[in-house]
Amino acid sequence: MTHTFQRMILAIAAVCFLQACKSDLYTNLDQREANQIVATLLTHGISATRKPQKDGKLTVLVDEDQFAEAVTLLAENGLPKAEFATIGSVFKKEGLVASPVQERAQMIYALSEELSRTVSEIDGVLSARVHVVLADNDPLNRFAAPASASVFIRHEPSLNINALIPQIKTLVANGIAGLSYEKVSVIPVAAPQKTRETPPELEVREYMGLWLTRESESRVFWMAAIAGTLVLALLGTIGFLLWQRRVPMTYALEPTDIARNGKTS
């Protein structure tokens, strides 16, 4: 019974401690993106967990003392990925008739977003932006500028980007009507070389059915001691109240009772 009680106190303290020391890092993530973030953090020795939201999305939590390090690490790895609008969302019907100028601007924006999303999916690319300039379709304008596009890519230092530039230019040129291969420019920028040291392996030990690291073990024990003290105080208070209810109540004797008892004796 005592062993079970100790395990219950330790489990409650561990849960309270872990929840109290966690901080929301990113919210409204899908399962794939949340898994990527958690895997990246765990690989670099940062404790991270996922928490489901009511809308089906996920929240990634990290220890408060590792929050800044986690943000920096994810930024170096291009996580979370930038969200891009789709053509369907750009041309969503709103009940209003769009002008030709508005439709042209929407088309340019939609093409830029779709191509940026595609280039960002290349392994080793941390972020990408595609800026599109469509040709003027005015047949009366003899000096209209042809269509062109510029691609900005931030990539990992180890990526051989020069071998991918021709493929990226072909991808963008084929994705826009009237755009030639020569009118696509690609500007690659390598991210700074990571100097982060490889973290040591986390030492995890089992205690009363719970797996704890050395860093969290002492904290959990402190929380267990505090929780145990509170539980004992609560049990003591309840026992005292129950004892008071079982003790017979005594009343003070009236002066006449004292005199009567004296004569009787």
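The protein carries the name Lipoprotein in an unreviewed UniProt entry, which gives Phyllobacterium myrsinacearum as its organism. As stated in UniProt under Subcellular location (unreviewed entry), the record for the protein gives "Cell outer membrane".

(A) Structural context of the sheet that holds strand 4 (residues 125–133). The three strands lie next to each other as 4-5-6, forming an open sheet whose pairing is mixed. Of all the strands in the sheet, just strand 4 and strand 6 (184–190) have a single pairing partner and so form its edges. Averaged over all neighbouring strand pairs, the angle between strand axes comes to 15°, with direction disregarded. Packing of helix 5 (residues 100–120) onto the sheet brings it into contact with strand 4 and strand 5 (148–155), and relative to strand 4 it is tilted by some 155°.

(B) Representation of the sheet that holds strand 1 (residues 22–29) in the model. Pairing in this open sheet of three strands is antiparallel, and the strands run 1-3-2 from one edge to the other. Lying at the two open borders of the sheet, with one neighbouring strand each, are strand 1 and strand 2 (48–52). Each adjacent strand pair in this sheet contributes to an overall mean axis angle of 30°, direction not counted. Relative to strand 3 (residues 58–63), strand 2 runs antiparallel, the two being bridged by five bridges. Bridge assignment links R50 to a residue of strand 3, and that residue is V60. Each of strand 1 and strand 3 touches helix 3 (residues 67–76); the most contacted strand, strand 1, lies at about 35° to it.

Rules behind the numbers
Residues numbered from 1 in each chain as written. Predicted model: local features only at pLDDT ≥ 70, side-chain atom pairs only at ≥ 80, totals over all residues. Heavy atoms only, no water. UniProt positions renumbered as here; feature names shortened; annotations may be inferred. Pairing = 2+ DSSP bridges. Helix = DSSP H or I, 4+ residues; strand = E, 2+ residues; numbered from the N terminus. Axes fitted to C-alpha atoms, helices over the stretch in contact; angles between N-to-C directions. Contact = heavy atoms within 4.5 Å.

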